[in-house]
There are 2 protein chains.
Amino acid sequence: MTLNNASWIDRSLLKAVRRAVGTAPISLALPHVEDRPSTTSSPIGTIRIADRATLTGLVMNPEVVFGDAYSDGRIEVDGDLVRVLESIFPSSRVVRNWRWRMMSKWLAWAQANSRYGSSRNVHHHYDLPTEFYRLWLDELMVYTCAYFPNQDTSLEEAQKAKLDLVCRKLWLRPGETVVEAGCGWGALAMYMAEHYGVKVKAFNISHEQIRVAREVAEQKGLSSMVEFVEDDYRNITGRYDVFVSVGMLEHVGREHYPELSRVIQRTIGDQGRGLLHFIGRCRSLPFSVWIRKRIFPGAYAPTLRESMEVLEPAPFYVLDVEDLRPHYAKTIEHWLSRFDRAYDTVVDRHGTNFARMWRLYLAGSIAAFRVGTLQLFQVVFTGAHCPSVPSTRSRLYSSISQNQDKLDDELWTPAMS
Amino acid sequence: MTLNNASWIDRSLLKAVRRAVGTAPISLALPHVEDRPSTTSSPIGTIRIADRATLTGLVMNPEVVFGDAYSDGRIEVDGDLVRVLESIFPSSRVVRNWRWRMMSKWLAWAQANSRYGSSRNVHHHYDLPTEFYRLWLDELMVYTCAYFPNQDTSLEEAQKAKLDLVCRKLWLRPGETVVEAGCGWGALAMYMAEHYGVKVKAFNISHEQIRVAREVAEQKGLSSMVEFVEDDYRNITGRYDVFVSVGMLEHVGREHYPELSRVIQRTIGDQGRGLLHFIGRCRSLPFSVWIRKRIFPGAYAPTLRESMEVLEPAPFYVLDVEDLRPHYAKTIEHWLSRFDRAYDTVVDRHGTNFARMWRLYLAGSIAAFRVGTLQLFQVVFTGAHCPSVPSTRSRLYSSISQNQDKLDDELWTPAMS
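Residues numbered from 1 in each chain as written. Chains lettered and ligands numbered in written order. Predicted model: local features only at pLDDT ≥ 70, side-chain atom pairs only at ≥ 80, totals over all residues.

**Things to note about the overall build of chain A**
When helices and strands are tallied, chain A shows 17 helices and 13 strands. In terms of overall size, chain A behaves like a compact globule, its C-alpha atoms giving a radius of gyration of 23 Å where 417 residues would be expected to give roughly 22 Å. Taken over the C-alpha atoms alone, chain A extends approximately 85 × 40 × 40 Å along its principal axes. Sorting the 417 residues of chain A into buried and exposed places 49% on the buried side. Residue pairs at least 24 apart in sequence account for 71% of intrachain contacts in chain A once pairs closer than 6 positions are excluded. (Helix = DSSP H or I, 4+ residues; strand = E, 2+ residues; numbered from the N terminus. Rg over C-alpha atoms; globule rule 2.2 N^0.38 Å. Buried ≥ 20, exposed ≤ 12 C-beta atoms within 10 Å, placed from the backbone. Contact = placed C-beta atoms within 7 Å.)

**Quick word on the sheet that holds strand 4 (residues 75-79) of chain A**
Paired through backbone hydrogen bonds, the strands of a sheet run either parallel or antiparallel to each other. Residues and elements named next belong to chain A. In space, the four strands of this open sheet follow the order 2-1-3-4, with mixed pairing throughout. A strand with exactly one partner marks an edge of an open sheet, and here the two such strands are strand 2 (34-35) and strand 4. In the packing of helix 4 (residues 81-88) onto the sheet, contacts are made with strand 1 (26-29), strand 3 (45-49) and strand 4, and the angle to strand 4 comes to roughly 105 degrees. (Pairing = 2+ DSSP bridges. Axes fitted to C-alpha atoms, helices over the stretch in contact; angles between N-to-C directions.)

**With respect to the relation of the copies chain A and chain B**
For these two chains of identical sequence, chain A goes onto chain B by a turn of 180 degrees and a shift of 0.0 Å along the axis, with RMSD 0.0 Å. The two molecules are tied by a two-fold rotation axis, judged by turn and shift. Both copies share a contact surface, since 100% of the interface residues of chain A are interface residues in chain B too. (Least-squares fit on C-alpha atoms with pLDDT ≥ 70 in both.)

**Structural notes on the packing of helix 4 of chain A against helix 16 (residues 352-371) of chain A**
Residues and elements named next belong to chain A. Packing of helix 4 against helix 16 leaves a shortest axis separation of 8 Å and a crossing angle of 50 degrees. Put simply, helix 4 runs oblique to helix 16. Taken as a pair, helix 4 and helix 16 cross one another with a handedness that is right-handed. Where helix 4 abuts helix 16, its residues Leu81, Val82, Leu85 and Glu86 lie against Ala363, Gly364, Ile366, Ala367, Arg370 and Val371. When its residues are assigned to classes, the contact of helix 4 with helix 16 shows seven nonpolar, one polar and two charged. (Parallel < 35°, antiparallel > 145°, perpendicular 65-115°, else oblique. Left-handed = near helix turned anticlockwise from the far one by under 90°. Nonpolar A, V, L, I, M, F, W, Y, C, P; charged D, E, K, R; others polar.)

**Quick notes on the interface of chain A and chain B**
The interface of chain A with chain B comprises 35 residues on the first partner and 35 residues on the second. Elements with a contribution of two residues or more to the side of chain A that touches chain B: helix 13 (304-311), strand 10 (317-323), helix 14 (325-341) and helix 16 of chain A. In terms of residues, the side of chain A that touches chain B owes the most to one element, strand 10 of chain A, which gives seven residues.

**Quick look at the pairing of strand 1 (residues 26-30) of chain B**
Residues and elements named next belong to chain B. With four of its five residues buried, strand 1 lies for the most part within the structure. Of the strand pairs in this sheet, strand 1 and strand 3 (residues 45-49) are connected by four bridges, and their pairing is parallel. Within the sheet, the bridge partner assigned to Ala29 lies in strand 3 and is Arg48. Both strand 1 and strand 2 (residues 33-35) contribute to a ladder of three bridges, which runs antiparallel. Residue pairing for strand 2: Ala29 is matched across the bridge by Glu34. Here strand 1 folds back onto strand 2 in antiparallel fashion, the turn holding two residues.

**Side note on the domain arrangement of chain A**
Taken as a whole, chain A is organised into domain 1 (3-95) and domain 2 (115-127 + 153-323 + 378-409). The gap between the C-alpha centroids of domain 1 of chain A and domain 2 of chain A is 40 Å. (Domains from an automatic or database assignment.)

**Description of the environment of B:Arg338**
Looking at the element boundaries, B:Arg338 is found in helix 14 (residues 325-341). Each C-alpha atom, one on B:Arg338 and one on B:Trp136, is 4.8 Å from the other, the two residues being 202 residues apart in sequence.

**Topic: unusual backbone geometry**
The omega torsion of the bond from A:Ala314 to A:Pro315 falls at -5 degrees, within 30 degrees of zero and hence cis. Of note in the backbone geometry, B:Met141 takes a positive phi value of approximately 60 degrees without being a glycine. Counting through the fold element by element, B:Met141 comes out in the loop between helix 7 (130-134) and helix 8 (155-169). B:Met141 gets classed as partly exposed once you count the C-beta atoms within 10 Å, which come to 18. Positive phi is not limited to glycine here, since B:Trp171 has a value of about 35 degrees.

**Digging into the environment of B:Gly280**
Along the polypeptide, B:Gly280 turns up in strand 9 (residues 273-280). Dropping the residues within four chain positions of it, B:Gly280 is found in contact with B:Ala301, B:Pro302, B:Thr303, B:Leu304, B:Ser307, B:Gln375 and B:Phe377.

**As for the sheet that holds strand 2 of chain B**
Residue and element names in this part refer to chain B. Read from one edge of the open sheet, four strands run 2-1-3-4, paired in mixed fashion. If you trace the sheet from one side to the other, it starts and ends with strand 2 and strand 4 (75-79), each paired once. Each strand axis lies, on average, 20 degrees off the axis of its neighbour in the sheet, ignoring direction. Strands in contact with helix 4 (residues 81-88) are strand 1, strand 3 and strand 4; relative to strand 4, the strand with the most contacts, it is inclined by about 105 degrees.

**Observations regarding the environment of A:Ser288**
For A:Ser288, the position within the fold is in the loop between strand 9 (273-280) and helix 12 (289-294). Taking the C-alpha atoms as reference, A:Ser288 lies 27 Å from A:Val380; in sequence the two are 92 residues apart.

**Some thoughts on the pairing of strand 6 (residues 199-204) of chain A**
In summary, the side chains of a regular strand alternate between the two faces of the sheet. Residue and element names in this part refer to chain A. Sheet topology note: the strand 5 (residues 177-181)/strand 6 ladder contains five bridges and is parallel. Looking at strand 6, one finds that Val179 is bridged to Lys201. In the classification by handedness, the crossover that spans strand 5, the intervening helix 9 (residues 187-196) and the parallel strand 6 is right-handed. Bridging between strand 6 and strand 7 (residues 226-230) involves five bridges; their strand directions are parallel. Within the sheet, the bridge partner assigned to Phe203 lies in strand 7 and is Val229. Handedness of the crossover joining strand 6 and strand 7 through helix 10 (residues 207-219): right-handed. (Right-handed = clockwise from strand over helix to strand, strands pointing away.)

Structure, rendered in structure tokens:
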């Protein structure tokens, strides 16, 4: 094979990748060939591909090969990784070719969220050593979207603001009981108990997270108020005033929404209230295959319409839906910048491949929330006979002291209206 | 037939009605027989039925016969009509027997919201003389759910607060263009132009409402800012920054959601934003047959899930959903009390049957919103490439002057985040 011939093949393959990335203002490069975008003279970045085998893989199976080759260093990105991904994402429809769809279906089957499957899926991600997450999360270890009341709110403040927002949206009152499905390291459960005087029973199937959560609750003297249970959400029993789940619906799997619906029905009945906080979409689509292979096995982000499969069977009354997309983009920007500061430590402990894989996952998530392929929905709902509901949302935006005083005035009791 | 025999038949029929109303604490009475509730010694009201024929009808076809017999005086209700209806509604599942379902299907066919059908359906309700509605609506003639920031807000203030809430939710800016589908007597269109400096094109197929709206716009000197078009929403053309529709989705009919979706897509594209305000449900169910026969031909109140059939095909991004159920109950309480004050005038102009029919419709609507068989959803959405979105909802709860100042700070522009 002559060099000319080689170059012709490479150029053809590069052109195929170019078609896939559409009008993204980026350069594509092999060691000796570069394809510059036709749309701009100043590209925002360059994707450097180590060899023809990787390039061929990129044409055949763009998403997975990009992820894996970036992780092991066969692909390098010059320029701001987030901006480069952001520029590629809008044209990602090309990515979902027949190989992608076959792999997506296979993963959906192999990673199904049965009781055993859920346990294995959760173990893959959440049972990583807590010390790893401590490197780049906030001090309360909240691994879900924060809430930034202002542009300059810090991550620590924004996570507390999110926990408080959830409590306010649920108008918690001292002495009430709450059940939490999927509690991470327990930050929300402990915040509710400490600041709102409620008793919380919190479920999680991550052994590592439950272990740490119990330790922290002990240290904070909250063990009598918060009980952490290492078990599947499907095993929740008992009656509570409130059901809450932050960042778990993504891991339930759409085929299990009816099960989750029944769990909520039997725990809060028709008098209680609840909140679901989850990564969603505006168009029905399977999760990224690469993310499911390497990061979140079994993950699925529902549209708002699909998420109603959890709430409409009861039926629950939906009071409030908020899309916190800008807040998740900002949250992960904080995570990524902390991750980058701790990068060498991550490499030392987990190796370069792992570090690069996680960096790509975080950067890709920022891009997805910026571009809007992902959303973050908070949905507040009540049972059909919840005795009273807040008549406006203004308490969510008043100061905390005002909030507590005003609650009673603001509750609407249908029978007395 | 002996009196004994008669009384036995009547008692059996009363028992059948009793079964249908479940545990409602109400008495049921024929001229010479009364059936008191077993659950309480102090019933909240009595439903007096004039004769056995009406009673038989009530057993066979409860909803329609109750509505029609109440309207023409064969049924009287002692006690608070709203509370009596409220006590009956939770057991209304019995009402939907096979006769109800057949009639419901027939109405769905006969009242389908084709272009011609919509025009005929809308004419039935909205082309009543404006003077009739003036008797019991607020001064701006807003015939949709108001917004009560406080318990003691007046109806006039609450309707203005609603108009302003809609404008804030859409973060209108001077010079922008808005298209409104289903504009009533034009209150929202004029409010937007007057207070937010936007140009509005507002569509409605009610000849009477458009005639009045144009008159008022002329008087207010707003004719250059607001154009009222007597035409079907399906005929909307042109490009706008914002699409808004308050109280029209109920009249679109679910089979026409894809058409509405296309109208919104072509008017605001993927950069615009919009708001849908509509009566919804938490469980998928046809509208009351009696209401469709006598009051709102062709009406359908979708669940949130069903309403997404309008927004997900684009896809549009849903930013915010609020259930204003308590506010609609309160709004109609105001309407009913004004209606009652003007009752004699209504009877003089339209006859007793009409006045009683409307009284039942208003009272029944209050009961439905109190009990929760009806909800009122406001859904805010944007195109997938809307250049910026508000990052929090706090501007909805600040004073108007703060609101305008803060808007620029609060908008989130993904590409710059």
